[in-house]
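Observations on the three-dimensional arrangement
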Amino acid sequence: MSDHAPDHSHIAGKAAAIRFENLDTDQIIPKQFLRGIDKAGLDKGILYDHRFDASGQPRPDFVLNRPEYAGTSILVSGANFGCGSSREHAVWGLQQFGIRAVLAPSYGEIFYSNAMNNRLLLIMLPREVIESLMNAVDADSANEIAIDIGTMHVKTPVGEFDFQLSDRHRHMFLEGLDMIGLSLRHKAEIERFADGYWSAYPWTQNVARRTRDRLGAT
C-alpha cells in the first residue's frame, strides 16, 4: 500500500469524440434507467440509444462500442452538452462508465453544477478548438488528453490551452471533495449554529415529528 496521498490534481487518458450538439440528459441516460433507489448500475444506461439499436444490440459503428476506444475516460463533444432536465443520474452514470472529464464549447447550466459538485470535470474550450480536437481523437484512438487542474491547463493532440474554474470548484477537485464533503468541512460551525438556533427558538425544533406524534395519538 502506497504511503502517498492520491493525486487529485491531474486527469489524463484516452479521449473519444461524441459528435452531437445539444446532447440532453435524456440522451445521456434515458428515463427507464432512473427507476432504482440507489446509484447502482447507472453506467448501463449511458448513451443507451446511441450505443444500442432498437433490439438492444450494440451499434458497432458508435465510437464507445469500438474496441480501440475501450477505457475512454475523457469525452470531447459539441456545444450545450447536458442540456435539458435536471438529472444528476447523468453525472453519476458517466462517472460509473469511467468518464472523468468532458471538453465542450458550453454546457447546460444545471448539468454543469451537478457535474462539478460531483467532481466530474467540465472544461470549456472554443468551438474551433473542440472541432480540431474531435478530428484528432477520431483519427487516432491513441491520442490522449492530459489535464492539470492546479494550473488549469490542458495538453491535447492539437495544442495546449488554459481553461477557467471557479476557486470553489478548483479547490474541491484538488482536495478530492464533492459538495457534501465540502459542506462537512464546516460541520462544527453548522452544529454550533444549530445548537444556538434551537436554544433561542425551541418550539421550532422537530415540528414535523411532534405534529405527527400528536396526530397519531388522537
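Residues numbered from 1 in each chain as written. Predicted model: local features only at pLDDT ≥ 70, side-chain atom pairs only at ≥ 80, totals over all residues. Heavy atoms only, no water.

Under an unreviewed UniProt entry, the name given to the chain is 3-isopropylmalate dehydratase small subunit, and the source organism is Cupriavidus pauculus. In UniProt, the chain has this text filed under Catalytic activity (unreviewed entry): "(2R,3S)-3-isopropylmalate = (2S)-2-isopropylmalate". Recorded in UniProt for the chain, the comment headed Pathway (unreviewed entry) runs: "Amino-acid biosynthesis; L-leucine biosynthesis; L-leucine from 3-methyl-2-oxobutanoate: step 2/4." (UniProt positions renumbered as here; feature names shortened; annotations may be inferred.)

Under the local residue numbering, the UniProt record ascribes the feature "domain: Aconitase A/isopropylmalate dehydratase small subunit swivel" (unreviewed entry) to residues 12–127. Split by type, residues 12–127 is 24% helix and 16% strand. Its first and last C-alpha atoms lie 21 Å apart. (Helix = DSSP H or I, 4+ residues; strand = E, 2+ residues; numbered from the N terminus.)

Each assigned domain of the chain is listed here: domain 1 (10–175) and domain 2 (179–216). Centre-to-centre, using C-alpha coordinates, domain 1 lies 38 Å away from domain 2. (Domains from an automatic or database assignment.)

Here we come to helix H6 (residues 167–175). Within H6, the full set of buried residues consists of His-169, Met-172 and Phe-173. Taken down its axis, H6 places every buried residue within 95 degrees of arc, on the same side. One or two steps after H6, the chain reaches Gly-176, where phi turns positive at roughly 70 degrees. (Buried < 20%, exposed > 50% of the residue type's maximum accessible area, 1.4 Å probe, protein only. Arc of directions from axis to C-beta.)

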